[in-house]
Amino acid sequence: MDFALSEEAQAVFDMARDFGQAEIAPHAQAWEREGTIPKELWPKLAELGFGGLYVSEDKGGSGLSRLEATLVFEALAQACPSVSAFLSIHNMCAKMIDLYGSEELQARYLPAALSMTTFFSYCLTEPGSGSDAAALKTRAERTNEGYALTGTKAFISGGGYSDAYIVMCRTGEDGPRGISAVIVDDGAPGLSFGGLEDKMGWRSQPTRQVQFDGCAVPASNLLGEEGKGFRYAMAGLDGGRLNIAACSLGAAEAALAATLGYMGERKAFGQSIDRFQALQFRLADMEIELEAARVLLRQAAWKLDEGAPDATKHCAMAKKFVTEAGSRIVDQCLQLHGGYGYLADYGIEKLVRDLRVHQILEGTNEIMRMIVARHMLAAR
């Protein structure tokens, strides 16, 4: 059993880390204050192949494994978890087009998605359906040209910012079998957006409701087959859970590194505070938890790559454990910074705020526990 990263995987991590430190970290706090990420960033990431991390190589993507992709999000999250998570959403959409789009749809959307001249958002959650996603109400009525969408999506990262949206909508009966997926271009007639959400964290990601009022969608923008949209949406969740866990891991790594540096410089009672045994114990606890999180995440990613029958269970375990561990670690890092940790200048309080939502999205951690328990009972 080899726990070491391959040379290729390590190179992927190093490339993402170096880009993040040079192009994202110096601007992360400014972008948070401005409430947006400059669109000029995305083509720079695309030049590294990060616009289609797991899109197949024969279609122009990078063809990375899920393990290698988590390394990208981990490394970029060391610079800013909000930016890293936003990139994860775009990549999930690009992979859906790769897997389920017709040749004509792929020809229209994939090149721009891979170059990130078209940035994608993902629209599943609604005001009345979060964890119970199959209860969504947004309806697509058939027209002569395609569909007319009516409904509202909530908490959409990139709402009013992105260039295109993959929308889960109801084309048939109640329940998951009546759900389809369509692509809606920005500027489509009947598409509008709610006000900018005033969020605790992820403040550099513009988040709004996405509203459809008889929104016209051509028939050619159907993704895959009618009635299979919910299956498409769920198929991407295991990978999405790994990605968001990787964002927590990277942010916690950055917080702990900053805390170690701070403790070596901060003096109290005649010595640097890293000389106090009680605080050393807290450092050790964080390092142990961080290493456990890293191993669990990478094992789950390996299982997903291998198609292991228990991959979904392990992805849920990793998402639950790593996101909670990440939040605990950044909170402890803030505490060890004392009053300075509470100031925006040091960047720790931003990580505390950014990571909190990771326990909610991509399936709440309560849902992760349900998934794990159901697999345990099924195997009994």
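In short, a report on the structure. Given the structure is predicted, the values throughout are model-derived calculations rather than measurements. (Residues numbered from 1 in each chain as written. Predicted model: local features only at pLDDT ≥ 70, side-chain atom pairs only at ≥ 80, totals over all residues. Heavy atoms only, no water.)

**Describing the state of the cysteines**
Then step 1. The final tally for this structure, using the stated rule, is zero disulfides.
Then step 2. Cys 123 takes part in no disulfide bond, and the closest cysteine sulfur to it belongs to Cys 93, at a distance of 8.0 Å.
Then step 3. Since its relative accessible area comes to 0%, Cys 123 is described here as buried. (Disulfide = S-S within 2.5 Å. Buried < 20%, exposed > 50% of the residue type's maximum accessible area, 1.4 Å probe, protein only.)

**What about the pairing of strand β3 (residues 146-157)?**
Then step 1. Strand direction decides the pairing type here: strand β2 (residues 139-142) and β3, joined by four bridges, are antiparallel. Opposite Arg 142, over in β3, you have Tyr 147 as the bridge partner.
Then step 2. What sits between β2 and β3 in their antiparallel hairpin is a turn of three residues.
Then step 3. Sheet analysis places β3 next to strand β7 (residues 207-218), joined by 10 bridges and oriented antiparallel. Within β7, the position partnered with Lys 153 by the bridge is Val 210. (Pairing = 2+ DSSP bridges. Helix = DSSP H or I, 4+ residues; strand = E, 2+ residues; numbered from the N terminus.)

**A word on the layout of surface pockets**
Then step 1. Computed from the structure, the largest pocket encloses a volume of approximately 1,200 Å³.
Then step 2. Along the walls of the largest pocket sit 41 residues, with Thr 125, Ile 360, Leu 361, Glu 362 and Gly 363 positioned nearest its centre.
Then step 3. Of all the elements in the fold, those that place two or more residues in the lining of the largest pocket are α5 (81-100), β3, α7 (229-235), α8 (237-265), α11 (348-356) and α12 (365-378).
Then step 4. Broken down by element, the residue count for the lining of the largest pocket peaks at five residues, all from α12.
Then step 5. Of the residues belonging to the lining of the largest pocket, the class tally is 22 nonpolar, 11 polar and eight charged. (1 Å grid on protein atoms, 1.4 Å probe; cavity = no way out; pocket = protein on both sides within 12 Å on 5 of 7 lines; lining within 4 Å. Points joined across faces, edges and corners; volume = space filled by probe spheres on them. Nonpolar A, V, L, I, M, F, W, Y, C, P; charged D, E, K, R; others polar.)

**Quick notes on the pattern of salt bridges**
Then step 1. Under the criterion given, the structure shown has 21 salt bridges.
Then step 2. With its nearest N and O atoms 3.1 Å apart, the salt bridge here joins Glu 324 to Arg 369. In this pair, Glu 324 sits in helix α10 (residues 311-337) while Arg 369 sits in helix α12, placing the two residues 45 residues apart along the sequence.
Then step 3. In this structure, the salt-bridge partner of Lys 350 is Asp 354, at a minimum N-O distance of 2.6 Å. Here the residue Lys 350 and the residue Asp 354 both occupy positions in helix α11, the gap between them amounting to four residues, near one helical turn. (Salt bridge = Lys/Arg side-chain N within 4 Å of Asp/Glu carboxyl O.)

**Some points on the packing of aromatic side chains**
Then step 1. One pass over the full model with this rule turns up 12 aromatic pairs.
Then step 2. Where Phe 86 meets Tyr 161, the ring centres are 5.5 Å apart and the plane angle is 40°; that geometry is what we call tilted. Placement of Phe 86 in helix α5 and of Tyr 161 in the loop between β3 and β4 (164-170) is noted, with a sequence separation of 75 residues between them.
Then step 3. Here the aromatic rings of Tyr 340 and Tyr 346 are separated by 5.4 Å at their centres, their planes lie at 50°, and the arrangement is tilted.
Then step 4. Residue classification places Tyr 340 among the partly exposed positions, given a relative accessible area of 35%.
Then step 5. Judged by its relative accessible area of 38%, Tyr 346 is partly exposed.
Then step 6. In textbook terms, an aromatic cluster arises when at least three aromatic residues are bridged by ring pairs, as seen for Trp 42, Phe 86, Phe 119 and Tyr 161.
Then step 7. Directly above the aromatic system of Tyr 161 lies the positively charged group of Lys 39, at a separation of 5.0 Å from the ring centroid.
Then step 8. Here the guanidinium or amino end of Arg 66 rests over the ring plane of Tyr 54, the centre of that ring lying 3.8 Å away. (Phe/Tyr/Trp six-rings, centres within 6.5 Å; stacked < 30°, edge-to-face > 60°. Lys NZ or Arg CZ within 6 Å of the ring centre and 35° of its normal.)

**Looking at the nonpolar core**
Generally speaking, soluble globular proteins have nonpolar side chains that are buried together.
Then step 1. If you look at the biggest cluster of nonpolar residues, it comprises 97 residues, and the most contacted ones within it are Trp 42 and Met 168.
Then step 2. In terms of residues, this core owes the most to one element, α8, which gives 12 residues.
Then step 3. The residues contacting Trp 42, other than those within four sequence positions of it, are Ile 37, Val 83, Phe 86, Leu 87, Met 116, Phe 119 and Tyr 161.
Then step 4. Core analysis: the second largest hydrophobic core is formed by 17 residues, Tyr 147, Leu 149, Ala 188 and Phe 212 among them. (Core = buried A, V, L, I, M, F, W, Y, C linked by side-chain atoms within 4.5 Å. Contact = heavy atoms within 4.5 Å.)

**Concerning the packing of α10 against α11**
Then step 1. Where α10 contacts α11, the two axes come as close as 9 Å, and the packing angle between them is 160°. As summarised for this structure, α10 and α11 are arranged roughly antiparallel, according to the angle between their axes. Pair α10 / α11 crosses with left-handed handedness. Between α10 and α11, the contacting residues are Gly 326, Ser 327, Val 330, Asp 331, Cys 333, Leu 334 and His 337 on the first element and Ile 348, Glu 349, Leu 351, Val 352, Leu 355 and Arg 356 on the second. (Axes fitted to C-alpha atoms, helices over the stretch in contact; angles between N-to-C directions. Parallel < 35°, antiparallel > 145°, perpendicular 65-115°, else oblique. Left-handed = near helix turned anticlockwise from the far one by under 90°.)

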